[in-house]
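# Coordinate inspection notes
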Amino acid sequence: GEDVEQSLFLSVREGDSSVINCTYTDSSSTYLYWYKQEPGAGLQLLTYIFSNMDMKQDQRLTVLLNKKDKHLSLRIADTQTGDSAIYFCAERMDSSYKLIFGSGTRLLVRP
Amino acid sequence: DSGVTQTPKHLITATGQRVTLRCSPRSGDLSVYWYQQSLDQGLQFLIQYYNGEERAKGNILERFSAQQFPDLHSELNLSSLELGDSALYFCASSPQVGGTNYGYTFGSGTRLTVV
C-alpha cells in the first residue's frame, strides 16, 4: 500500500543537530522529498534526492537514503529557532506520479 | 510567494452548504493537485488534473468534485458539507504530469471551517 511514516515530534536545543526520519513503501520511487511547513503557511520544498543517490548535502541540510531499508532521513546542522516547523517527507509514486506524504514531524527548537 | 494562488484564504460555512475553492497554478505549470490537510489524517491526496483532464484520483469523497479550466485554473467544489470536512485544502502545481525533481509548488491553502 501507500504509506509513508514519520515520527510525530522532535525537540532539540538551539545549535544542536536535528535528525528527522522517514520510511516509505514504494521501492521504485524515483524521487523523495523533504518539505517544510511553517505555521499558517503552505508546504515549501526544502530538498529532494534522486533514488540512485545515497546522500545529498545542501548547506545545513543532509539527506541520507537507504534504499534497501526504504529509509530516508533529514539532518539539520546547527538547528536554529527559525527551523521550528513541521517537516514532511514524500515519495513520488512512479506508477501514478502523485506525491504521497508522511504525517509530518513537528520540530521544536528550544533556545 | 510561491506563484500558486489560492482563494479564499479562510472560509466559514454551515453544515449542508456548498463551497468552491479556487487555485491558479504557477505560470507555465500544466498540472494541478489538490490535497486535504486535517489534524487527524495528515496530508491526503484528493485529485490531479493535467491540462484540463483528470489524471489521478485519491481519497476524494463523492460529495467533492473538481475541474481544471482552459486557462488552467482549477476549482474544488465541496458540497453537503459536514463538520469533518473542516481542514486546510492545498493546491499544488507542476510543469508536467509527474512533477519534476523539484516536486510540486504549493499554495498557502484555504482554511475551511464548517460549523
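Let me begin by describing the structure that accompanies this report.

Cut-offs used in this document
- Residues numbered from 1 in each chain as written.
- Chains lettered and ligands numbered in written order.
- Predicted model: local features only at pLDDT ≥ 70, side-chain atom pairs only at ≥ 80, totals over all residues.
- Heavy atoms only, no water.
- Disulfide = S-S within 2.5 Å.
- Helix = DSSP H or I, 4+ residues; strand = E, 2+ residues; numbered from the N terminus.
- Buried < 20%, exposed > 50% of the residue type's maximum accessible area, 1.4 Å probe, protein only.
- Phe/Tyr/Trp six-rings, centres within 6.5 Å; stacked < 30°, edge-to-face > 60°.
- Pairing = 2+ DSSP bridges.
- Axes fitted to C-alpha atoms, helices over the stretch in contact; angles between N-to-C directions.
- Core = buried A, V, L, I, M, F, W, Y, C linked by side-chain atoms within 4.5 Å.
- Contact = heavy atoms within 4.5 Å.
- Salt bridge = Lys/Arg side-chain N within 4 Å of Asp/Glu carboxyl O.

### Topic: the state of the cysteines
All names here are of chain A.
- Overall, the coordinates contain 2 disulfides over all chains when judged by the stated rule.
- Covalent S-S linkage joins Cys 22 and Cys 89, the inter-sulfur distance amounting to 1.9 Å. Disulfide Cys 22-Cys 89: the torsion about the S-S bond is 70°, which places it as right-handed. Taken together, the residues Cys 22 in strand S3 (residues 18-23) and Cys 89 in strand S9 (residues 85-92) connect sequence positions 67 residues apart. The burial state of Cys 22 is the same as that of Cys 89; both residues are buried.

### Details of the packing of aromatic side chains
Residue and element names in this part refer to chain B.
- Taken as a whole and assessed by the stated rule, the structure comprises 15 aromatic pairs over all chains.
- Ring geometry for Phe 90 against Phe 106: centres 6.2 Å apart, planes inclined by 85°, an arrangement best described as edge-to-face. Of this pair, Phe 90 sits in strand S9 (residues 87-94) while Phe 106 sits in strand S10 (residues 105-106), placing them 16 residues apart in sequence. Each member of the pair, Phe 90 as well as Phe 106, is classed as buried.

### Considerations on the sheet that holds strand S8 (residues 74-78) of chain B
Residue and element names in this part refer to chain B.
- Pairing in this open sheet of 4 strands is antiparallel, and the strands run S1-S3-S8-S7 from one edge to the other. Looking at the sheet topology across the chains shown, the edges are occupied by strand S1 (5-7) and strand S7 (64-68). The mean inter-strand angle of the sheet, taken between neighbouring strand axes irrespective of direction, is 15°.
- Bridging between strand S3 (residues 19-24) and S8 involves 5 bridges; their strand directions are antiparallel. Across the sheet, the residue bridging to Arg 22 is Glu 75, located in S8.

### A word on the nonpolar core
- Core analysis: the biggest nonpolar cluster contains 22 residues, and A:Trp34, A:Leu72, A:Leu74, A:Tyr87 and A:Leu107 have the highest contact counts within it.
- Non-local contacts of A:Leu72, meaning those with residues more than four positions away in its chain, are made with A:Ile20, A:Asn21, A:Cys22, A:Leu32, A:Tyr33, A:Trp34, A:Ile49, A:Val63, A:Leu64, A:Leu65 and A:Cys89.

### A closer look at the pattern of salt bridges
Residue and element names in this part refer to chain B.
- Applying the stated rule across the entire model yields 7 salt bridges over all chains.
- The closest approach of N and O atoms between Glu 75 and Arg 22, which form a salt bridge, is 4.0 Å. Taken together, the positions of Glu 75 in strand S8 and Arg 22 in strand S3 put the pair 53 residues apart, joining distant regions of the chain.
- Look at Glu 75 and you get buried, because its relative accessible area is 18%.
- The class for Arg 22 is partly exposed, based on a relative accessible area of 33%.
- Where Asp 85 meets Arg 63, a salt bridge forms, and the shortest distance between an N and an O atom there is 2.8 Å.

### Considerations on the pairing of S7(B)
All names here are of chain B.
- Burial along S7 is one-sided: Phe 64, Ala 66 and Gln 68 are buried, while Ser 65 and Gln 67, pointing the other way, are not.
- Pairing analysis gives 5 bridges linking S7 to S8, with the strands arranged antiparallel. Counted as the bridge partner of Ser 65 is Asn 77 from S8.
- Counting the residues that bridge the hairpin from S7 to S8 gives 5 residues, and of these Leu 72 lies at a positive phi of roughly 80°.

### A word on the sheet that holds strand S1 (residues 5-6) of chain A
All names here are of chain A.
- Pairing is antiparallel across the open sheet formed by 5 strands, whose spatial order is S1-S3-S8-S7-S6. Of all the strands in the sheet, the pair left with one neighbour each is S1 and strand S6 (55-58).
- In this sheet, strand S7 (residues 61-66) lies alongside S6 in antiparallel orientation, the contact comprising 4 bridges. What sits directly across from Asp 58, in S7, is Leu 61.

### A few points about the side chain of B:Gln36
- Locating B:Gln36 in the fold gives a position in strand S4 (residues 31-38).
- Residues within four places of B:Gln36 in sequence aside, it is in contact with B:Gly42, B:Leu43, B:Gln44, B:Leu46, B:Phe64, B:Asp85, B:Ala87, B:Leu88 and B:Tyr89.

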